[in-house]
Amino acid sequence: MKTSETIAPKIIELLSKVTGKNLDARDVTPPVLFLAALITVLLGVMFADQKVTEEEKQRWQKTLNRFISEEGNARQLAMLLSKGIREQKIYINSYETLTLLMAFSESERLLLIGFGYEMSAADGSIDESEKQYLRQVAILAELKPSYLDVFEAGFTQQSVSNLAVLEEVRSLLDPARFHELDTLFVKAASDLLSTLPAAPVAPKQESSGSQVASYDNLKKFQASRRQLDSLCYQLYEIVQSCSERDFLPNNFVEDVTKISRKIQSQRFRVAVVGEFSQGKSTLLNALLGEEVQPVRAIPCSGTITILRYGKRKQVICRYKDGRQEEISIDEYKTKASIPKAAVVNNYGDELASSEIEELIFEHPDLELCKSGVEILDSPGLNEHPDRTAITERLLKDTDAALFLTNASRLLPEKEKELIQDVRNQLTNSTDKLRAENLFILVNFMDLLDNDEDRQDVTQRLEEFVTREKLIVVNKDRVHYISAKAALKKQDEYLQSFQAFTQALEQFLTVERGVIEIRQFVDKIKSLISVVLAELQQAEELLDGSLALSQAETQKVLEQMGEASGRDVKIRILHDQVLDLVIEETNKSWDQWAEKLGDRLAEKSGNWSSEHSGNFHQKEVVADFARQFNKDLSDELNDWIDNQLKENILRPYLNNLDEEIRKNLVAIRTSFNDIDTLRNSESSKWIFHRDQTSGVNDFDLGSLGMAALGVAVLVPTFILAGPILIVLGSLLGGGLLGDGVGGILGKQAAIKQQVLDKGCEQFVESLEKTFENIDEIIVAEFSKRIEQVEEVIGGAISMYENLLEQQEAINQKNLEQREAEKAWIAQKRLELEGLRNSVEAMVKI
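Worth saying up front: this structure is predicted, and the values here are computed from it rather than measured.

*Asks:* Please clarify how the overall build of the protein chain should be interpreted in this entry.
*Replies:* Each helix and strand in the protein chain was counted, giving 30 helices and nine strands. A total of 844 residues make up the protein chain; the buried ones form 52% of that total. Here the contacts in the protein chain between residues at least 6 apart in sequence split such that 80% fall between residues at least 24 apart. Accessible area for the protein chain stands at about 38300 Å²; split by element, carbon and sulfur atoms hold 48% of it.

See below:
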């Protein structure tokens, strides 16, 4: 699905007409757009046979409730959409229906049709007119008619004769495809999958030999994670039903949803990084068991390629404008490569003008990638600034990195710097912290002639790793392999490759995965305990054993008012600090930029090129352009680290954090007093429910300052270097005439032109660059205040619910109270059973 920024204007215009509101891109979020399309399809099915049954009404409400968030104005917007689509009969207008469908991927369109069939079968049968309507929508959605046969069979309890089509539908509805959307989509796809006819179990076959490793432990772990997600959904249903009866405040529903979303989004991203021509593509081919990734002696990875498990082999191309399409393997090999001429001539415009965001390769033999593990093939480091920047951004969202180096030319100085930079990216620190999630793979071991050479490589690498504190001690993080030999199933190197994949599996399951599972278990158990306490309180209110006196009620109201006042105070302080930070940042930036040209000119005296200015002007330009880039990046990083972070942000944030702490402690103490009155620990949950949010440990790290790096701040064409413009102006414009004497004279002239053109480009980009800095600072400050407001709002909501419960109970008769007590008792039993099941998860 497209992001809010890429949703077409005509879609926004259509939904504005439907709702009668002047909507913009901020209103038409992907979930809202999906809801509009879903309402259209469901209404079309309901009215197709000219009658609406009671069963269809119930199914309508249940389906919409699944996708309507309690937060914001989602429910109001859903009502406006339903009313407008029904009155304007959007569901029978092919053009307007197509307008809504155009923003969705094939999987999302199929999900919509699936819900249409679910609605059609709500009254026990699928009417022919409803069937015809769904087939017309499927034509608009460009879905295969055979997919509809699968749905019809599933909702009428029949078998499917075409098993290949059944597998296609199952693959398209794989919940893993919806992880980037809301948790609700993941759950909806999972539920819809359960209605499809079961695929026959094929007899177990002997391995074809394409696998180079076994992943039994990973399978067990991922099964446990799915089980935990299922238990979390059961908790969600219990909490939601209690909230609907006003026995719990709504924030508990939000808490369960957040936990579930985190469980389902536990995607393990493993990035393969290293300098160009180190065998990254061959390594991925070895993991796949076949030669799919393009392999060349020159750099060939021009974009990010994501390898993940799929029921069938397919490649999805995602474009920067939000479009995506399935492409052939041959097309994939072409799109994943950089044209040879572009690489040889050092041109960067192929990357700058590329429309491709990423390529996704799904393969049934990627056992390691089942249930959320993704392997990312990154562009080569240190070969071109633009591709290096892509890889650096990639590492910010990575769970582990596999750094490849070459046994025959092990870790030259530039590569040593690169691997240390990768370590720093993974640990989010420059303090030489050991990375637990860094694997070092020494490739091409088969090219070493004798044992002495192999021992020398091993000793030199281990000395470097130990001296630089790259990885954790006593962990299986260094491996000596030959990816090419493993791909060819040569026994000696196949065993070393399997040792590597098993170590990676161990990291993903035991060392990282199980720890996270246990953290989720603890969080769910804590939430269950608080929910049980709240339900016990509701029971006590119902039988009269707990009743707040007028004085106690007044105390609760006073503390709620005090909390609201402190909330306002924190926001005012936050806004004042943010204004001061922006003002000082602006001043510091102007001072830094004023003398930048002089500093770069001084550094240009150290630029050098081994090429001749007479016969290799293009190569000299490229050498100087890369050195200009490095000097500019160093200057930017120096200002960001030493001026922006240390002299501006840190002192202001320390003061702000201290004031936030004082106010939160005061609010927490007040609500602790109320908890003592009613023998509860609810406020403890509210103030500690998300230890990862940074609310209870405000410091510079929680601001996410790692985002303030050159790759984020500097426009892409600057990171690519002045090489694009300089090459054209120097070589095409004839600025370097024959009158310049000598090789050194030519080099000096080229150097000056590179410096002038590079500075000219950067000056033109200054305003946009500073806007980027401002946006990052404001966004991170906003996250901070949102976290505080969430905690305070949760506490206030808790006690509002207490007062509302007491008021509502006063209006109930004895029979109603007894019935509600019995209902609560049943829910408490269900929660106790659920807690036992969750506790059993720690034994995996």
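*Asks:* Explain the side chain of Gln-420 here, please?
*Replies:* Position of Gln-420 relative to the elements: it lies in helix α18 (residues 413-427). Other than its neighbours up to four places away in sequence, Gln-420 contacts Lys-432, Phe-464, Glu-468 and Leu-470.

*Asks:* Would you take a moment to explain the nonpolar core for this structure?
*Replies:* Soluble globular proteins tend to bury their nonpolar side chains together. Counting 121 residues, the largest nonpolar core has Leu-235, Leu-283, Leu-402, Ile-524, Trp-589 and Phe-781 as its most contacted members. Here this core takes 20 residues from helix α21 (residues 491-543), the largest share from any one element. In terms of nonpolar packing, the next biggest core, distinct from the first, is built from 68 residues, Leu-14, Met-119, Ile-126 and Ala-189 among them.

*Asks:* Could you clarify how one ought to interpret the pattern of salt bridges in this entry?
*Replies:* Tallying each qualifying case throughout the model produces 28 salt bridges. With its nearest N and O atoms 3.9 Å apart, the salt bridge here joins Glu-374 to Arg-308. Separated by 66 residues along the polypeptide, Glu-374 in strand β6 (residues 373-377) and Arg-308 in strand β2 (residues 304-309) bring together distant segments of the chain. When sorted by exposure, Glu-374 lands in the same class as Arg-308, which is buried. Here the residues in one salt-bridge network are Glu-128, Lys-131, Arg-135, Asp-149 and Glu-152, joined through shared partners.

*Asks:* It is not clear to me how the packing of aromatic side chains should be interpreted in this structure. Could you clarify?
*Replies:* Two aromatic rings, taken as a pair, are described by how far apart their centres are and by the angle between their planes. Across all of its chains, the model carries 12 aromatic pairs by this definition. Both rings, one in Phe-47 and one in Tyr-91, keep their centres 5.6 Å apart while their planes meet at 40°; by these two values the pair is tilted. Linking Phe-47 in helix α2 (residues 30-48) with Tyr-91 in the loop between α4 (74-87) and α5 (94-101), this pair joins segments that are 44 residues apart in sequence. We classify Tyr-91 as buried; its relative accessible area is 10%. Their ring planes at 75° and their centres at 5.6 Å tell us that Phe-497 and Phe-500 sit as a pair that is edge-to-face. With Phe-497 and Phe-500 both in helix α21 and three residues apart, this pair spans about one turn of that helix. Each of the two residues, Phe-497 as well as Phe-500, counts as buried.

*Asks:* Please clarify how the sheet that holds strand β1 (residues 268-274) should be interpreted in this entry.
*Replies:* What holds strands together in a sheet is hydrogen bonding between their backbones, with the strands either parallel or antiparallel. What the nine strands build is an open sheet, ordered β4-β3-β5-β2-β6-β1-β7-β8-β9; its pairing is mixed. The two strands at the open ends of the sheet, each matched to only one other strand, are β4 (324-327) and β9 (478-480). Averaged over all adjacent pairs, the angle separating strand axes in this sheet is 20°, with direction ignored. One ladder, built from six bridges, connects β2 with strand β5 (residues 356-363); its direction is parallel. Bridging across to β5, Tyr-309 finds its partner in His-363.

*Asks:* Sorry, what's going on with a negative patch on the surface here?
*Replies:* Residues Asp-575, Asp-579, Glu-583 and Glu-584 make up a contiguous surface patch of negative charge. Mapping Asp-575 onto the fold places it in helix α22 (residues 550-594).

*Asks:* For this particular structure, what's the right way to read the confidence of the model for the protein chain?
*Replies:* Parts of the model with low pLDDT should not have their predicted coordinates read in detail. Per-residue confidence for the protein chain gives a mean pLDDT of 76; residues scoring 70 or more make up 77%. Here helix α27 (residues 716-719) stands out as the element of the protein chain with the lowest mean pLDDT, 40, in contrast to β9, whose mean of 93 is the highest. Ignoring residues within four places in sequence, the model shows residues 296-301, a span with pLDDT below 50, making 24 contacts including any to other chains. Here residues 381-388 is modelled with pLDDT under 50, and outside its nearest four sequence neighbours on either side it reaches 33 contacts, counting other chains as well.

*Asks:* Help me out: how do you make sense of unusual backbone geometry in this one?
*Replies:* Residues apart from glycine generally show negative phi values, whereas peptide bonds are mostly found in trans. Although it is not a glycine, Gln-50 adopts a positive phi angle of roughly 65°. Inspection of the secondary structure puts Gln-50 in the loop between α2 and α3 (54-67). One non-glycine residue, Glu-142, lies in the positive phi region at around 55°. Here Glu-142 lies in the loop between α7 (128-140) and α8 (145-155).

*Asks:* How do you make sense of the pairing of β5 when you look at a structure like this?
*Replies:* In summary, the side chains of a regular strand alternate between the two faces of the sheet. Most of β5 sits out of view: seven of its eight residues are buried. Two strands pair when backbone bridges link them, and strand β3 (residues 314-319) and β5 are joined in this way by six bridges, in the antiparallel orientation. In the strand pairing of β5, Gln-314 is matched with Glu-362.

*Asks:* Could you clarify how one ought to interpret helix α12 (residues 251-264) in this entry?
*Replies:* Helical geometry: 3.6 residues make up each α-helical turn, so side chains three or four residues apart lie on a common side. The end-to-end C-alpha distance of α12, which contains 14 residues, comes to 20 Å, matching closely the 20 Å that a straight helix rising 1.5 Å per residue would cover. Of all 14 residues that make up α12, 10 are buried, and the element is covered over most of its length. All of the buried residues along α12 are Asn-251, Phe-252, Val-253, Asp-255, Val-256, Thr-257, Ile-259, Ser-260, Ile-263 and Gln-264.

*Asks:* Quick question: what am I supposed to make of the packing of α7 against α8 here?
*Replies:* Two numbers describe a pair of packed helices, the interaxial angle and the distance between the axes. At their nearest, the axes of α7 and α8 sit 10 Å apart, and the two run at 140° to each other. Taken together, α7 and α8 sit at an angle that is classed as oblique. Of the two possible hands of crossing, α7 and α8 adopt the one that is right-handed. Across the interface between the two elements, Lys-131, Leu-134, Arg-135 and Ala-138 from α7 touch Pro-145, Leu-148, Asp-149 and Glu-152 from α8. Residues belonging to the contact of α7 with α8 are distributed by class as follows: four nonpolar, no polar and four charged.

Cut-off values and rules
- Residues numbered from 1 in each chain as written.
- Predicted model: local features only at pLDDT ≥ 70, side-chain atom pairs only at ≥ 80, totals over all residues.
- Heavy atoms only, no water.
- Helix = DSSP H or I, 4+ residues; strand = E, 2+ residues; numbered from the N terminus.
- Buried < 20%, exposed > 50% of the residue type's maximum accessible area, 1.4 Å probe, protein only.
- Contact = heavy atoms within 4.5 Å.
- Areas by Shrake-Rupley, 256 points an atom, 1.4 Å probe, with all protein chains shown as cover.
- Core = buried A, V, L, I, M, F, W, Y, C linked by side-chain atoms within 4.5 Å.
- Salt bridge = Lys/Arg side-chain N within 4 Å of Asp/Glu carboxyl O.
- Phe/Tyr/Trp six-rings, centres within 6.5 Å; stacked < 30°, edge-to-face > 60°.
- Pairing = 2+ DSSP bridges.
- Axes fitted to C-alpha atoms, helices over the stretch in contact; angles between N-to-C directions.
- Patch = residues over 30% accessible without salt bridge, like charges linked within 9 Å, V, L, I, M, F, W, Y side chains within 5 Å.
- Lys, Arg positive; Asp, Glu negative; His and termini not counted.
- Charge placed at Lys NZ, Arg CZ, Asp CG, Glu CD.
- pLDDT = per-residue confidence, 0-100.
- Expected span 1.5 Å × (residues − 1).
- Parallel < 35°, antiparallel > 145°, perpendicular 65-115°, else oblique.
- Left-handed = near helix turned anticlockwise from the far one by under 90°.
- Nonpolar A, V, L, I, M, F, W, Y, C, P; charged D, E, K, R; others polar.

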